[in-house]
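# Fold and geometry: a report
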Amino acid sequence: MNTIIVRDMQPEEVCRVAALHDQIHSLHVHGRPDLFAPGDGDNQGLMRWHQAQPNKRVLVAIRNNDVLGYAIIGYLSREATPYSLPRRVVHVEEICVDEACQRSGAGRALMEYIYQDARERSYPRVELDVWDFNENAHQFYHAIGMTDFRHFLEYQVLPHRFARVGMSIADQAVQLYDSLKGLPGCTWDEGYPDREIIEADIACNSLYGAFDGDELIAVGAAHPDNELTHLDCWTIPAEKPCVLSRIGVKQCKQGQGLAGQMVRYMEEEMRLSGFDTVHMLVSPGNEKALRAYRSCGYQECGSTRMYEEDWLCFEKKLG
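Residues numbered from 1 in each chain as written. Predicted model: local features only at pLDDT ≥ 70, side-chain atom pairs only at ≥ 80, totals over all residues. Heavy atoms only, no water.

A tally of regular secondary structure across the protein chain gives eight helices and twelve strands. When its C-alpha atoms are laid out on the principal axes, the protein chain stretches across 80 × 50 × 35 Å. Taking all 319 residues of the protein chain together, 45% fall into the buried category. Of the contacts formed within the protein chain by residues at least 6 apart in sequence, a portion of 66% connects residues at least 24 apart. (Helix = DSSP H or I, 4+ residues; strand = E, 2+ residues; numbered from the N terminus. Buried < 20%, exposed > 50% of the residue type's maximum accessible area, 1.4 Å probe, protein only. Contact = heavy atoms within 4.5 Å.)

And the structure:
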């Protein structure tokens, strides 16, 4: 068997390393779809960026001029603080061996090179982190002498994932809205909200959703108040008000508190964006919506007639 050589990535190897990055990212997407999205970015540009950083290296494991695997390492040097000693660490940010080259020795060669590099640069420690679902990686790192020194724990306080809705989810958003039209208290009709409105919300980064896996189960829009601020019913002084609108929950998920979770999620997103007050119009006949918004602390402050409908006006201070 020919020797595996570890060295810095060369320009002509960027495409191959970027393809390996796709493999490890796919593993992460499969293992934690609640955290990772399928990648469609410029992986070659990302690898060039890593290599251009003065405190990083992109290493490759080569055999017979073939790239079997790669690793991205960073050199970290932290000054002492009143509560910690100075710290010098080589951090392994990514490491991947081609799925077709598993057990070839490429992974061990990369790590042994990193160990030796750390010794030569007087970095006392080599550190990395590994996802709990990646059992093969756990076994490999322990086999090459690494030991656990820190554990990250989590507790899922809500069962669903919340995120902005992208264009790839537009069809699901259209279907969800259409499924709610005609229900008691719902003022939406065949022409509203339509695909044009939904895509406009997405284009403005104003559409948010709750997801069960990949399934959109709730949706809502949040945007600056450019339409309601002129009403004379508002009682809370507002320098930068926003509006929550078009909040809908899939029928099979209703009655589980998801509408309130969506409202609070969008409120926090808007608060972090600098908005200080929420304005909202609610149909007097939409009893489910009225209960949800009142339970979230919204105060009724008047009524108005807009868009050929009668509305109750609700407001809430953010912060």
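This is not the end of the story, as more comes after the structure.
With that settled, consider the packing of aromatic side chains. This model, assessed by the stated rule, comprises eight aromatic pairs. With a centroid separation of 5.5 Å and an interplanar angle of 50°, the aromatic rings of Tyr75 and Tyr123 are classed as tilted. In this pair, Tyr75 sits in strand E3 (residues 66-78) while Tyr123 sits in the loop between helix H3 (106-120) and strand E5 (125-128), placing the two residues 48 residues apart along the sequence. Judged by its relative accessible area of 13%, Tyr123 falls in the buried class. Relative to Tyr265, the ring of Phe162 has its centre 5.2 Å away and its plane inclined at 35°; by these criteria the two rings are tilted. Of this pair, Phe162 sits in strand E6 (residues 161-164) while Tyr265 sits in helix H7 (residues 258-272), and the two are 103 residues apart along the sequence. For the pair Phe162 and Tyr265, a shared accessibility class is recorded, and that class is buried. Among the aromatic side chains, those forming a connected cluster through ring pairs are Phe36, Trp131 and Phe133. The residue whose ring lies beneath Arg88 is Tyr123, and the NZ or CZ to ring-centre distance is 3.9 Å. Taking the ring centre of Phe275 as reference, the NZ or CZ of Lys240 above it sits at 4.6 Å. (Phe/Tyr/Trp six-rings, centres within 6.5 Å; stacked < 30°, edge-to-face > 60°. Lys NZ or Arg CZ within 6 Å of the ring centre and 35° of its normal.)

Tallied over the entire structure, the rule returns 21 salt bridges. The closest approach of N and O atoms between Asp117 and Arg57, which form a salt bridge, is 3.1 Å. Residue Asp117 is found in helix H3, and its partner Arg57 is found in strand E2 (residues 56-63); the two are separated by 60 residues along the sequence. Judged by its relative accessible area of 6%, Asp117 falls in the buried class. Taking the relative accessible area as the measure of exposure, Arg57 reaches 12% and is therefore buried. Residue Asp117 pairs with Arg121 through a salt bridge whose shortest N-O separation is 2.9 Å. Using a relative accessible area of 38% as the deciding quantity, one classes Arg121 as partly exposed. What emerges from the salt-bridge pattern is a single network uniting Asp8, Arg57, Asp117 and Arg121. (Salt bridge = Lys/Arg side-chain N within 4 Å of Asp/Glu carboxyl O.)

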